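# Secondary and tertiary structure notes
Residues per chain, in single letters:
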Amino acid sequence: MSRRFGPTAREPATPLWWGTIGLRVLTLLFALGAVIVHSSGYQRPWLAWAVLGTMTLWTVATGLVYAREDLRWRWRWFVLADVLVTCALMLTSPWILTAEQNAAVAPLITTVWVAGAPVAAGTRFGGVGGVAAGLVVSAATGIARHGFTLDVARDGVLLVASGLLIGMSATTARKSAATLAEALRTEAANAERERLARDIHDSVLQVLARVRRRGAELGGEAAELAELAGEQEIALRALVTTGPARHHTGETDLRAALQLLGSSKVQVAAPAGEVNLPAEKTAELVAVVREALSNVDKHAGTGAKAWVLLEDLGGEVVVTVRDDGPGIPEGRLAAAEGEGRMGVVRSMRGRVAGLGGTISLETAPGQGTEWEIRVPRT
């Protein structure tokens with residue numbers, strides 16, 4: 001999923017960035033109080049105030065960067081620098097605290113201010129980045145304390161956990177925003193198609209359908225015109241009907257794609273929900289069904305009707321194409337193959353075999369034909 005946002009787009013994790021800024025300010029005030037309380041016991045009070053001043057300047061700098069609405073201004077290198085600066089300031093504690101203060105587990109010079117770095121890293125890089133930053137800050141805490149005590153371990157767990165939780169929240173926010181944006185794009189496309197459907201009067205489709213039927217009855221050159229009219233009718237219906245949208249996963253809705261084939265002679269029955277398959281697989285299945293319907297139009301007679309049934313069985317999808325035409329006489333397909341006419345074998349069976357599926361035919365004179373296509377999802 002792309003994490004690039006336009007210069008005017010609101011970054012989905014913006015509330016977390018503002019939370020990071022607020023956390024930095026509050027923890028800086030706590031650090032100020034700690035320095036005031038313990039400064040008389042420090043071995044280098046001037047260094048403590050210098051570090052506190054640097055923390056203040058860095059809090060202002062990070063606040064200015066993290067407050068930007070565009071994610072591109074929250075530079076990766078700056079967040080990494082945030083972690084390093086935080087650790088560097090914390091590692092000045094051994095030169096500030098006395099041995100007695102360190103033994104009494106007095107607060108390090110940075111105190112809880114260091115919690116802002118894992119939170120910022122989690123917001124920028126996700127859960128993995130938050131955990132990594134928490135581990136780095138925890139290691140720096142152990143070095144500053146001259147050992148990994150129970151208190152250091154406790155602080156480390158809190159730092160890692162905060163980075164993980166904030167990181168997961170940021171990732172979820174961005175994924176949700178991407179899903180919403182995709183839904184809005186699909187809705188806009190559907191609205192445009194509906195507008196086209198309203199602009200193109202249904203009489204146009206009726207005229208094409210009549211030309212197709214009448215031309216097929218007359219035969220000869222009129223049959224060729226009928227075939228062209230049928231193709232244009234299908235193309236026009238596909239234009240003004242809501243089509244399958246491609247998801248960010250690269251999948252399309254087979255249900256919506258098959259519904260485009262519906263007409264006055266073709267009824268399509270499908271599940272209520274989407275039946276998402278890889279876009280290439282959807283295109284191949286639609287081509288197979290289109291070929292089956294084309295055979296109905298050519299060989300079943302002008303009054304024949306067809307039905308397309310889509311079933312989603314979880315591990316596989318099943319598409320059934322049935323018509324009420326005269327059926328295919330026994331040996332007809334074998335004879336066509338022997339004569340070099342390989343349309344059914346290559347266009348239908350070949351496509352289905354390429355998808356790793358199976359196709360079967362049930363037919364008898366006077367009983368129509370029924371194709372059953374089974375294709376695994378993976």
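Not measured: the values here are computed from a predicted model. (Residues numbered from 1 in each chain as written. Predicted model: local features only at pLDDT ≥ 70, side-chain atom pairs only at ≥ 80, totals over all residues. Heavy atoms only, no water.)

## Remarks on the overall build of the chain
- Of the regular secondary structure elements, the chain holds 14 helices and seven strands.
- The proportion of buried residues among the 378 residues of the chain is 38%.
- By sequence separation, contacts in the chain at least 24 residues apart represent 68% of the contacts at least 6 residues apart.
- For the chain, the exposed surface amounts to about 19900 Å²; the carbon and sulfur share of it is 62%. (Helix = DSSP H or I, 4+ residues; strand = E, 2+ residues; numbered from the N terminus. Buried < 20%, exposed > 50% of the residue type's maximum accessible area, 1.4 Å probe, protein only. Contact = heavy atoms within 4.5 Å. Areas by Shrake-Rupley, 256 points an atom, 1.4 Å probe, with all protein chains shown as cover.)

## Structural notes on the nonpolar core
- Membership of the largest hydrophobic core comes to 38 residues, with the highest contact counts inside it found for Met55, Tyr66, Ile96 and Val137.
- If you list the elements that add at least two residues to this core, you get helix H1 (14-38), helix H2 (45-66), helix H3 (76-90), helix H6 (116-125), helix H7 (127-144) and helix H8 (150-199).
- Ranked by residue count, the leading element in this core is H2, at eight residues.
- Residues in contact with Val137, not counting those within four places in the same chain, are Val83, Cys87, Met90, Val114, Ala117, Pro118 and Leu159. (Core = buried A, V, L, I, M, F, W, Y, C linked by side-chain atoms within 4.5 Å.)

## A word on a nonpolar patch on the surface
- Nonpolar side chains collect at one region of the surface, where Val25, Leu26, Leu29, Leu32, Ile36 and Trp49 lie side by side and expose about 580 Å² of accessible area between them.
- With respect to the secondary-structure elements, Ile36 resides in helix H1.
- You can call Ile36 exposed: its relative accessible area is 52%. (Patch = residues over 30% accessible without salt bridge, like charges linked within 9 Å, V, L, I, M, F, W, Y side chains within 5 Å. Salt bridge = Lys/Arg side-chain N within 4 Å of Asp/Glu carboxyl O.)

## Details of the UniProt feature "transmembrane region" (unreviewed entry) in the chain
- The positions UniProt marks with the feature "transmembrane region" (unreviewed entry) are residues 21-40, 46-66 and 78-97.
- Between the C-alpha atoms that bound residues 46-66 the distance is 30 Å, and the span itself is 100% helix and 0% strand.
- Secondary structure within residues 78-97 divides into 85% helix and 0% strand; the distance between the first and last C-alpha atoms comes to 29 Å. (UniProt positions renumbered as here; feature names shortened; annotations may be inferred.)

## Quick word on unusual backbone geometry
- For Thr111, which is not glycine, the phi torsion reads 45 degrees and is therefore positive.
- Tracing the backbone through its elements, the reader meets Thr111 in the loop between helix H5 (99-103) and H6.

## Quick word on the pairing of strand E7 (residues 369-376)
- Along E7, the buried face is formed by Thr369, Trp371, Ile373 and Val375; none of Glu370, Glu372, Arg374 and Pro376, which line the opposite face, is buried.
- Here seven bridges tie strand E5 (residues 316-323) to E7, and the two strands are oriented antiparallel to one another. Each bridged residue has a counterpart across the sheet, and for Val317 the counterpart in E7 is Val375.
- Pairing between strand E6 (residues 358-363) and E7: six bridges, direction antiparallel. Each residue of the ladder has a partner; that of Glu362, found in E7, is Glu370.
- The turn linking E6 back onto E7 is made up of five residues, and Gly366 within it adopts a positive phi angle of 80 degrees. (Pairing = 2+ DSSP bridges.)

## Quick word on the sheet that holds E7
- As summarised here, the arrangement of the five strands in space is E2-E4-E5-E7-E6, forming an open sheet in which the pairing is mixed. The open sheet has two free edges, formed respectively by strand E2 (266-269) and E6, since each of these has just one partner strand. The sheet shows a mean angle of 15 degrees between the axes of neighbouring strands, taken without regard to direction. (Axes fitted to C-alpha atoms, helices over the stretch in contact; angles between N-to-C directions.)

## Topic: the packing of H3 against H7
- Contact geometry for H3 and H7: axes closest at 9 Å, N-to-C directions at 15 degrees. Regarding the angle of H3 to H7, the classification is roughly parallel. Here the hand of the crossing between H3 and H7 comes out right-handed. Each of Val83, Cys87 and Met90 in H3 lies in contact with H7, whose residues at this interface are Ala133, Val136, Val137, Ala140, Thr141 and Ala144.
- When grouped by side-chain class, the residues that make up the contact of H3 with H7 number eight nonpolar, one polar and no charged. (Parallel < 35°, antiparallel > 145°, perpendicular 65-115°, else oblique. Left-handed = near helix turned anticlockwise from the far one by under 90°. Nonpolar A, V, L, I, M, F, W, Y, C, P; charged D, E, K, R; others polar.)

## Remarks on the environment of Gly250
- By the element assignment, Gly250 lies in the loop between helix H10 (221-240) and strand E1 (251-253).
- Between the C-alpha atom of Gly250 and that of Asn276, which follows or precedes it by 26 residues, the distance is 9.5 Å.
- Apart from the residues within four sequence positions on either side, Gly250 is in contact with Pro278 and Ala279.

## Considerations on H6
- Counting buried positions along H6 yields nine of 10 residues, so the element is predominantly enclosed.
- If you check which residues of H6 are buried, you get Gly116, Ala117, Pro118, Val119, Ala120, Ala121, Gly122, Thr123 and Arg124.
- Directly after H6, the chain includes Gly126, whose backbone phi takes a positive value near 95 degrees.

## Regarding the packing of H1 against H6
- Running from amino to carboxyl end, H1 crosses H6 at an angle of 170 degrees, the nearest separation of the two axes being 10 Å. Taken together, the axes of H1 and H6 are roughly antiparallel relative to one another. Counted together, Leu16, Trp17, Thr20, Leu23 and Arg24 of H1 and Gly116, Ala117, Val119, Ala120, Thr123 and Arg124 of H6 form the full contact between these two elements.
- Looking at the contact of H1 with H6, its residues break down into six nonpolar, three polar and two charged.

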